[in-house]
Amino acid sequence: MEKLQNRGEASIAEAVPERRALSVMQVITRLEAGGAERTTVEIADALARARYGAVVVSEGGPVSREVERVGAQHVTLPLSNQGMLAARRNTKLLVETARTHRVNLIHLRAVEPAASAKAAAEALAVPLVSTFYDAGGTLGRRQLRDMLAADRVIAGSAYAAKRLQEAHGLAPEKIVTIPRGIDLDRFDPARVSTERVITLAREWRLPDGMPVALLPGALIEDKGHATFIEALALLPGAEVIGVILAPEGGEARYRDKLIKLAKSRGLGGRLRLIEGCRDVPAAYQLADVVVSPALRPTSSNRVLAEAQAMGRPVIATAHGAAAEIVRDGETGWLIAPGEAKVLADTLQAAMRLDLETRRAVAVAARAHVETNFDVDLMCARTLALYEDLVTARRRAAPSAR
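What you are looking at is a predicted structure, and each value in this text was computed from that prediction instead of being measured.

## Focus on the overall build of the chain
Next, step 1: Helix and strand counts for the chain come out as 16 helices and 13 strands.
Next, step 2: Taking 401 residues into account, the globule formula puts the C-alpha radius of gyration at 21 Å, and the chain, at 22 Å, falls close to it.
Next, step 3: With the principal axes as the frame, the chain shows a C-alpha extent of 70 × 45 × 40 Å.
Next, step 4: Counting every position in the chain, which comprises 401 residues, the buried fraction comes to 54%.
Next, step 5: Contacts in the chain between residues at least 24 apart in sequence constitute 71% of all its contacts with a sequence separation of at least 6.
Next, step 6: Looking at the chain as shown, the accessible area adds up to about 17,700 Å², and 49% of this sits on carbon and sulfur atoms.

In structure tokens, the structure reads:
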């Protein structure tokens, strides 16, 4: 499938072979600020722009407003309860919701409602698609059983696809690899004004002329914040200032732990812990290097794609999907996880790039993301998968809705 060049209804329509009736119900536990939630909204938007049915079922959350803003329907159901009676109740509610909206495909995006979503798809005789997020193997086989029983399982990377086969025994023909995409219009350095960057630097009280290393990500231990802090402590005082950028609502105990660690390492004014940012593209533009020192492998990493789209060199741990998103030595560096000294040395190397090299990295990084991680490409591939499954189901059972 050719890469889409322009956003909008026409681009999505061109990605789908025939404009057959399609109505998709995405099922996710909650709509918080995260990668799975963002992808849910993007697919809902693509469906709505293609004039297809778009329904999202969740327990709610701040991102539910975005679902409605793109023209999709949001239905609130209590999906987190995994008890047997609750699962049966949720199955009935999902079936009722699907019939109301004439749904002919269900896309499952979370483990908790997996049993209910699978049972609903069977009751409705519609295809079930699931997306696999467990790259590190933290979920047990019982938790994943219903999710992996879908007609097709979307893997966000080749790494995730390999784990599906090797760790969970899924047949290769059931796996579809579709990397998460990003909005290349939003994450475009040409569209971020100097004023936006200056405003953010003032809000964060960053000293003029001091290089910035940015670590975006939720406040959870797996993101490697402690490694980042230890690495900063190994650098000379005037070498770099670190910024940890996290969504609002992080765990207070973990936040306090990081602040205590930074103080004990004498970082003082050389570290900022920012929760919530209205202008993430400007945050990337403000950074000299973007860091993702994850301690465990992940099936995707949107931060690395966003940073490279903004022309920023990146440092990431060499496991999981990061090895597919970063071109080591060309668009950034891949290092061992949990190695503060290695991270410190790599930060120094990034800060000492000359202007010509930095420009070359920016061009290569942007081109790499445009080719592989465009949100329109992700949406086109996903909608094409929906179409194929619905068409195949209709051919196999002409009498089915």
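## With respect to the sheet that holds strand E8 (residues 212–216)
Next, step 1: Across the sheet, which stays open at both edges, the six strands sit in the order E10-E9-E8-E11-E12-E13 with parallel pairing between neighbours. Bordering the open sheet on either side are strand E10 (271–275) and strand E13 (332–335), each of which pairs with just one other strand. Between one strand axis and the next, the sheet turns through 20° on average, direction left out of account.
Next, step 2: With five bridges connecting them, E8 and strand E9 (residues 241–246) associate as parallel partners. Residue pairing across strands places proline 216 opposite leucine 245, the latter belonging to E9.

## Some points on the environment of methionine 351
Next, step 1: Position of methionine 351 relative to the elements: it lies in helix H14 (residues 340–351).
Next, step 2: Residue methionine 351 is classed as buried on the basis of its relative accessible area, which comes to 15%.
Next, step 3: Separated by 100 residues in sequence, methionine 351 and glutamate 251 place their C-alpha atoms 31 Å apart.
Next, step 4: Apart from residues lying up to four places away in sequence, methionine 351 is in contact with Pro211, Val212, Ala213, Glu239, Val240, Asp288, Val289 and Arg358.

## Side note on helix H7 (residues 158–166)
Next, step 1: Of the positions making up H7, those classed as buried are Ala160, Ala161, Arg163 and Leu164. Each buried residue of H7 sits inside an arc of 160° when the element is viewed along its axis, so together they form one side.

## Here's the deal with the sheet that holds strand E7 (residues 175–177)
Next, step 1: With respect to topology, seven strands assemble into an open sheet ordered E3-E2-E1-E4-E5-E6-E7, the strand pairing being parallel. Edge positions in the open sheet fall to strand E3 (73–76) and E7, since each of these has one partner strand only. The average undirected angle you get between the axes of adjacent strands in this sheet is 25°.
Next, step 2: Pairing geometry for strand E6 (residues 152–155) and E7, over three bridges, is parallel. Within the sheet, the bridge partner assigned to isoleucine 154 lies in E7 and is valine 176.
Next, step 3: Its contacts with the sheet place helix H2 (residues 35–49) against strand E1 (23–27) and strand E2 (53–58), and it is angled at close to 155° to E2.
Next, step 4: Those strands touched by helix H5 (residues 114–124) are strand E4 (105–108) and strand E5 (128–132), and its axis lies near 170° from that of E4.

## Remarks on the nonpolar core
Next, step 1: In this structure, Trp204, Leu206, Leu214, Tyr284 and Val290 are the most contacted members of the largest nonpolar core, which totals 37 residues.
Next, step 2: Listing elements by their share of this core, those giving two or more residues are helix H8 (194–203), E8, E9, helix H11 (280–286), helix H12 (302–309), strand E12 (314–317) and helix H13 (322–325).
Next, step 3: Judged by nonpolar contacts, the second largest core, of 33 residues, contains Val27, Val57, Val103 and Val126.

## Thoughts on the packing of helix H9 (residues 225–233) against H14
Two numbers describe a pair of packed helices, the interaxial angle and the distance between the axes.
Next, step 1: At a minimum axis separation of 8 Å, H9 and H14 run at an interaxial angle of 60°. The pairing of H9 with H14 is recorded here as oblique in orientation. In this structure, the crossing between H9 and H14 has a hand that is right-handed. Between H9 and H14, the contacting residues are Thr227, Phe228, Glu230, Ala231 and Leu232 on the first element and Ala340, Leu343, Ala344 and Leu347 on the second.
Next, step 2: Looking at the contact of H9 with H14 residue by residue, the classes come out as seven nonpolar, one polar and one charged.

## What to know about the packing of H2 against helix H16 (residues 375–396)
Next, step 1: At a closest axis distance of 10 Å, the pairing of H2 and H16 adopts a crossing angle of 70°. As the angle between them shows, H2 and H16 are arranged roughly perpendicular. As for how H2 packs across H16, the hand of that crossing is right-handed. Contacts between H2 and H16 pair Thr39, Glu42, Ile43, Ala46, Leu47 and Arg49 from the former with Val375, Asp376, Met378, Cys379, Thr382, Leu383 and Tyr386 from the latter.
Next, step 2: Partitioning the contact of H2 with H16 into residue classes produces eight nonpolar, two polar and three charged.

Quick notes on the rules
Residues numbered from 1 in each chain as written. Predicted model: local features only at pLDDT ≥ 70, side-chain atom pairs only at ≥ 80, totals over all residues. Heavy atoms only, no water. Helix = DSSP H or I, 4+ residues; strand = E, 2+ residues; numbered from the N terminus. Rg over C-alpha atoms; globule rule 2.2 N^0.38 Å. Buried < 20%, exposed > 50% of the residue type's maximum accessible area, 1.4 Å probe, protein only. Contact = heavy atoms within 4.5 Å. Areas by Shrake-Rupley, 256 points an atom, 1.4 Å probe, with all protein chains shown as cover. Pairing = 2+ DSSP bridges. Axes fitted to C-alpha atoms, helices over the stretch in contact; angles between N-to-C directions. Arc of directions from axis to C-beta. Core = buried A, V, L, I, M, F, W, Y, C linked by side-chain atoms within 4.5 Å. Parallel < 35°, antiparallel > 145°, perpendicular 65-115°, else oblique. Left-handed = near helix turned anticlockwise from the far one by under 90°. Nonpolar A, V, L, I, M, F, W, Y, C, P; charged D, E, K, R; others polar.

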